[in-house]
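Notes for the structure review
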Amino acid sequence: MLQIKNLHASVEDKEILRGINLEVKAGEVHAIMGPNGSGKSTLSSVIAGKEEFEVTEGQVILDGEDLEDISPEERAHKGIFLSFQYPVEIPGVSVTNFMKTAINEGRKAKGLEDMPAKDMLKLIREKSEMLEIDRKFLSRSLNEGFSGGEKKRNEIFQMAMLEPKLAILDETDSGLDIDALRIVSNGVNKLRSKDNAVIVITHYQRLLEYIVPDFVHVLHNGKIVKSGGKELALELEEKGYDWLKNEATV
Amino acid sequence: MAYTEEELKKELETKEYEYGFYTDIESETFPVGLSEEIVIAISKKKEEPEWMTLWRLEAFKIWKEMEEPEWANVHYVKPDFQAISYYSAPKKADPNKTLDDVDPELLEMYKKLGISVDEQKKLQNVAVDIVMDSVSVATTFKKTLGEKGIIFCSISEAIKEHPELVKKYLGSVVPKTDNFYAALNSAVFSDGSFCYIPKGVRCPMELSTYFRINQAGTGQFERTLVIADEGSYVSYLEGCTAPSRDENQLHAAVVELVSLDDAEIKYSTVQNWFPGNKEGKGGVYNFVTKRALCEKNAKVSWTQVETGSAVTWKYPSCILKGDNSIGEFYSIAVTNNYQQADTGTKMIHLGKNTRSTIISKGISAGKSHNSYRGLVQVSSRAENARNFSQCDSLLMGNECGAHTFPYIEVKNKSAMIEHEATTSKIGEDQIFYCNQRGIDTEKAIALIVNGFSKEVLNKLPMEFAVEAQKLLEISLEGSVG
């Protein structure tokens, strides 16, 4: 589904990604771990098409198509979803209105009519129940005055509404207490299928107890320095990143 | 192909005036210049009684002694008052005509503006009194209103038909001596609307007037007078568009609202006059005096959506004279390119237990400057006066400006005044967030701007709110139109 080939990216002439190779197939869950500043969030932004980052070399390919000239909104229409580490506030725009706009813009891109209000309401009810979201929450302005946990839960709610092909969860666990973590993880697990894929970016192994990955990759200095199965996460938890940093420089 | 701040700005700047056309109608226009003779000629042309002519002459005398104010935070080339023609009327106009008799070219123009009178009549249940240049050419629904005793006509007609009301209230809220432009308007006002709601009557429909500026170099001096007698209610809508022209056009209107005991007036404006091109050339100068007088338990709400004009100078105000009276001001002002707006309100608390609310939303893009200027004044006799003010500014790009000048003068210790202000910028992060959810940049801006303006848009009557929302999008979205 997703192929990343020798990806180099920089921001303001500073190279952050230095040759990433990764292949994600449908039905898989990949975890990307690594110390602060290793390039994890940059990688997710580059996949989503944020203009600020310049791809200097390499390719991001989705279903055989090079995404180089594809705008962020078109990437979204093709099924890429990014759960933001720091979701922004949009005052005066309710969660419901925002979702309605997002869904209908996606449908428009596919040549479909707006989703009938009845179906929209049904979808909202179904997904908000799944994520144990209070209905009052949906009429509030997007992320305005939300707690850290509410913001993250809202991201996963949007993901559930949009049903993406490829979901990238950028530190979705940060700011979540243990109950919220369980609810969010359950939500993600319910959305997993043989046709879609998830990339989980995290510092900690904790989230991976709930969302069990098929592969774990360690990012360091803009490169994947080690890949393995889910047991690699445990090993990292135990040993820290230092042994890998050393290994990488050897 | 995602948008950078730079591209975003460029896109905002490429907006063209949507209603930029000129209709060729034979007009009867006075020679340029202003003198006593011209004032008398205007009055004569309009077949006014002598008291009106004298009223105008007195105003002219006052105006000659006054100087053009310079305190507003706007910069422009001052109009040459001797280079303006003070009267222009579409030649074929006849107030007794039915709609079918109206100049087909005029009707064509309304069609282009998307405001077919017939459509208005049928679909929106709105009585429309259209002011084209200076003379009313069509009035509808007069009969329905007449049955309730409601008078809704041109001010010229009111001067002739209802002199007792006009004599009593004209200049009672905005005196001739009030300010430079109000004095000028009093001397030369060409036409405008008059509305009287009798005691205890609730006006069954929204009253609406569309103003147009069409004739090159013709000053526009509209005069509006709305009187809500005791216990009555009226909602009045005013909407404006104008064909684009290279010369600056001066518009100095006066609007007076009189809300007697227990009466309520809602006055809503959507204003979209030609703002000048993207180099800042041309555009309408809009120097307006709008004021309401509230008697006991009366209420006045001003709601305005301002997207047009090169220079705007406008402060719809409330004099809360009666005890328990309420004044409200809800405003959205959008400036783009080189537009300048200095707008806000004055809430003058004179009576006891008077309350006022001010919600002002300023949106600036391009190289424009948007100022909020507001005065909240509480007199020594106004026990328990309350005011809440909120001024929010939204900036797009790095070359525009937002300014807030709140003045508060309180002479009574029991007063409670609250003022909140915020300034924010549409950030690349907000745009990217929307993009990531599949919403393109133009739609994202519309979404953010509408969210920002929601509190005010909600105050507009339904059909007007939709129009206003569309106008906001047109004003800010460049290539969409």
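Let me sum up the structure you'll find in this document.

Thresholds applied
- Residue indices follow the written sequence of each chain, beginning from 1 at its first position.
- As they are written, the chains are lettered A onward and the ligands numbered 1 onward, keeping that order.
- Residues qualify for local features only when their pLDDT is at least 70, as the model is predicted, and side-chain atom pairs are given and counted only at 80 or more; totals for whole chains, interfaces and linings, by contrast, use all residues.
- Remark: hydrogens and water are excluded; side-chain values derive from all non-hydrogen atoms of the structure.
- To qualify as a helix, a DSSP run of H or I must reach at least 4 residues; to qualify as a strand, a run of E must reach at least 2; elements of each kind are numbered from the N terminus.
- Burial classes follow relative accessibility: with a 1.4 Å probe on protein chains only, a residue under 20% of its type's maximum area counts as buried, one over 50% as exposed, and anything between as partly exposed.
- Here, residues are in contact when the closest pair of their heavy atoms is within 4.5 Å.
- The protein chains shown are the only cover counted for residues, whose accessible areas, like all others here, come from Shrake-Rupley with a 1.4 Å probe.
- Joining two parts hides part of their accessible area as seen by a 1.4 Å probe, and the buried area is that hidden amount summed over both.
- One side-chain nitrogen of Lys or Arg within 4 Å of one carboxyl oxygen of Asp or Glu is enough to make a salt bridge.
- A pair of strands is labelled paired if DSSP reports no fewer than 2 bridges between them.
- Geometry is summarised by axes, namely lines fitted to C-alpha atoms with helices restricted to the contacting stretch, and by angles between N-to-C directions that run from 0 to 180 degrees.

We now examine the overall build of chain B. What chain B contains, in helices and strands, is 12 helices and 23 strands. Considering chain B as a whole, with its 481 residues, one finds that 63% of them fall into the buried category. Contacts in chain B between residues at least 24 apart in sequence constitute 85% of all its contacts with a sequence separation of at least 6. Roughly 18200 Å² of accessible area belongs to chain B as shown, and the carbon and sulfur atoms make up 49% of that amount.

So, about the interface of chain A and chain B. Across the boundary between the two partners, chain A contributes 32 residues, which contact 22 residues of chain B. Of the roughly 2400 Å² buried where chain A meets chain B, counting both sides, 65% is carbon and sulfur surface. Sorting the residues of chain A by area buried against chain B places Glu51, Glu73 and Phe84 of chain A first, and these three jointly supply 22% of that buried surface. The interface formed by chain A and chain B contains 2 salt bridges.

A few words now on helix 10 (residues 428–436) of chain B. Along helix 10 of chain B, 7 of the 9 residues are buried, which leaves the element largely enclosed by surrounding structure. Burial in helix 10 of chain B covers these residues: Gln430, Ile431, Phe432, Tyr433, Cys434, Asn435 and Gln436 of chain B.

All names here are of chain A. If you walk across this open sheet you meet the 6 strands as 6-9-10-3-11-12, and the pairing is mixed. The open sheet terminates on both sides in strands that have one partner only, identified here as strand 6 (80–83) and strand 12 (223–228). Strand after strand, the sheet turns through a mean of 20 degrees between neighbouring axes, direction not considered. Across 4 bridges, strand 3 (residues 29–33) lies against strand 10 (residues 197–201) in parallel orientation. Paired with Val29 across the bridge in strand 10 is Val198. Lying over the sheet, helix 1 (residues 40–48) contacts strand 3, strand 6, strand 9 (166–170), strand 10 and strand 11 (215–220), oriented at roughly 150 degrees with respect to strand 9. Sitting on the sheet, helix 5 (residues 148–162) touches strand 6 and strand 9, and the angle it makes with strand 6 is about 165 degrees.

A few words now on the pairing of strand 15 (residues 311–314) of chain B. All names here are of chain B. Residues Val311 and Trp313 of strand 15 are buried on one face, and the alternating residues Thr312 and Lys314, pointing to the opposite face, are buried as well. As paired elements, strand 13 (residues 284–294) and strand 15 share 4 bridges and run parallel to each other. Within strand 15, the residue paired with Phe287 across the bridge is Trp313. Examined bridge by bridge, strand 15 and strand 18 (residues 340–349) share 4 bridges and lie parallel to one another. Residue Trp313 lies in a different strand from strand 18, and its bridge partner there is Asp342.

Below, the discussion takes up the sheet that holds strand 4 (residues 54–62) of chain A. All names here are of chain A. With respect to topology, 4 strands assemble into an open sheet ordered 2-1-4-5, the strand pairing being antiparallel. Two strands lie at the open edges of the sheet, namely strand 2 (14–24) and strand 5 (65–66), each paired on one side alone. Summarising the sheet, strand 4 and strand 5 pair through 2 bridges and their orientation is antiparallel. In the sheet register, Ile61 faces strand 5, and the bridge partner there is Asp66. Sitting on the sheet, helix 1 touches strand 1 (2–11), strand 2 and strand 4, and the angle it makes with strand 1 is about 110 degrees.

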